[in-house]
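Below are the chains, spelled out letter by letter.
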Amino acid sequence: MSFKSFQFIFPHYRRMERWFGGIAQWWLPKQPELHEIRLTTPRLTAPVTLVQLSDLHCAAWTREDYIKATVGLCLDIQPDLMVWTGDFFHSARKQIARVMPLFSPLHQAIPTFGVLGNHDFDDVLDELLPLLTGCGITFLRGEQRLLTCNGQPVWLGGIDDFFICKRDVPAAYFEQDRAVFRLLLSHQPDVVFRLPEDAVDLMLSGHLHGGQLNFPLVGPLYLPSPRGREFLDGRLTRHRGVPVHVNVGLGYTLMPLRINCPPAISVIRLEPDVAGANRHNVDSR
Ligand SMILES: [Fe+2]
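Residues numbered from 1 in each chain as written. Predicted model: local features only at pLDDT ≥ 70, side-chain atom pairs only at ≥ 80, totals over all residues.

- The name an unreviewed UniProt entry assigns to the protein is Metallophosphoesterase, from the organism Acanthopleuribacter pedis.

Following this line, the structure appears as structure tokens:
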């Protein structure tokens, strides 16, 4: 559910958010977990480390010490590349203006790219985007870049939220040199079912928050994705020949509460397949 539709049902939501922001400090975690994912690929000759952040949803309850702890954890990992997979916005631009500059030291130290999520289109994007780019994130909006990571070429592509924009990954993305590792960022994981077989070597997504409220035996009460359950465990899964990892997010939608899915940073370690296997091997946590 978008913020706009939620606010229609609860017109005093912004006041509720400030109230939540006060009491939630009693139970919110001091820092996110680290989820480590490993992928072996014949398309790299040296290891590459990525760090993925997602779904921060900057809100009244987003604490500065939590962000500083997150930045510290990421800097300690010393990744070759940082990526954000959308949903910075929660209910007000002023919260992004308060929170996101705290990531600037991280973004200045590590090349950082990102894509937009569905919630980021809830506000005036023309004003939101300069706020985010000013904090050191380069956004990929239906485009791709040839990067050098640990001395090796890597194609990095990204698209705006598919649920909002309904624009597929540009076909040109799949025509690149297949000897080069191809990484795709898409907020919505279901995009993988629209890709050609073996279209990319890794897709990173967010959006699901790990279910956010995962009750024992029942699972999540609501998932904003038709096939979301296939991506829920926070590991690396393969769909249409494409390895997919869905980060569980750093923040919260609508209320500062998670059950059985704490916030997490994803650390993705790409390792060369010295045996030159034809297909990727996947392993996680
Ligand atoms: Fe989200």
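**Examining the UniProt feature "domain: Calcineurin-like phosphoesterase" (unreviewed entry) in the protein**
Piece 1. In this structure's numbering, the residues bearing the UniProt feature "domain: Calcineurin-like phosphoesterase" (unreviewed entry) are residues 49–210.
Piece 2. Secondary structure across residues 49–210 comprises 25% helix and 25% strand; the distance between its end C-alpha atoms is 23 Å. (UniProt positions renumbered as here; feature names shortened; annotations may be inferred. Helix = DSSP H or I, 4+ residues; strand = E, 2+ residues; numbered from the N terminus.)

**Let's talk about the nonpolar core**
Piece 1. Judged by nonpolar contacts, the single largest core of 65 residues is most densely connected at Val-83, Met-100, Leu-183 and Met-203.
Piece 2. Discounting residues that sit within four places of it in the chain, Leu-183 has contacts with Val-154, Trp-155, Leu-156, Val-200, Asp-201 and Leu-202. (Core = buried A, V, L, I, M, F, W, Y, C linked by C-beta atoms within 7 Å. Buried ≥ 20, exposed ≤ 12 C-beta atoms within 10 Å, placed from the backbone. Contact = placed C-beta atoms within 7 Å.)

**Topic: unusual backbone geometry**
Piece 1. Its identity as a non-glycine residue notwithstanding, His-57 has a phi of 45°, on the positive side.
Piece 2. Among the secondary structure elements, His-57 is positioned in the loop between strand S2 (48–53) and helix H3 (64–77).
Piece 3. A positive phi is found at Leu-217, a non-glycine position, where the angle reads about 70°.
Piece 4. When you line up the elements, Leu-217 lands in the loop between strand S10 (214–215) and strand S11 (219–220).

**Digging into the sheet that holds strand S9 (residues 202–205)**
Piece 1. Pairing is mixed across the open sheet formed by six strands, whose spatial order is S6-S7-S8-S9-S13-S12. Looking along the sheet, the strands with just one partner apiece sit at the ends: strand S6 (143–149) and strand S12 (236–239). Put simply, the sheet's adjacent strands are angled 25° from each other on average, direction ignored.
Piece 2. Taken together, the three bridges between strand S8 (residues 181–186) and S9 define a ladder with parallel strand orientation. Paired with Leu-184 across the two strands is Met-203, which belongs to S9. (Pairing = 2+ DSSP bridges. Axes fitted to C-alpha atoms, helices over the stretch in contact; angles between N-to-C directions.)

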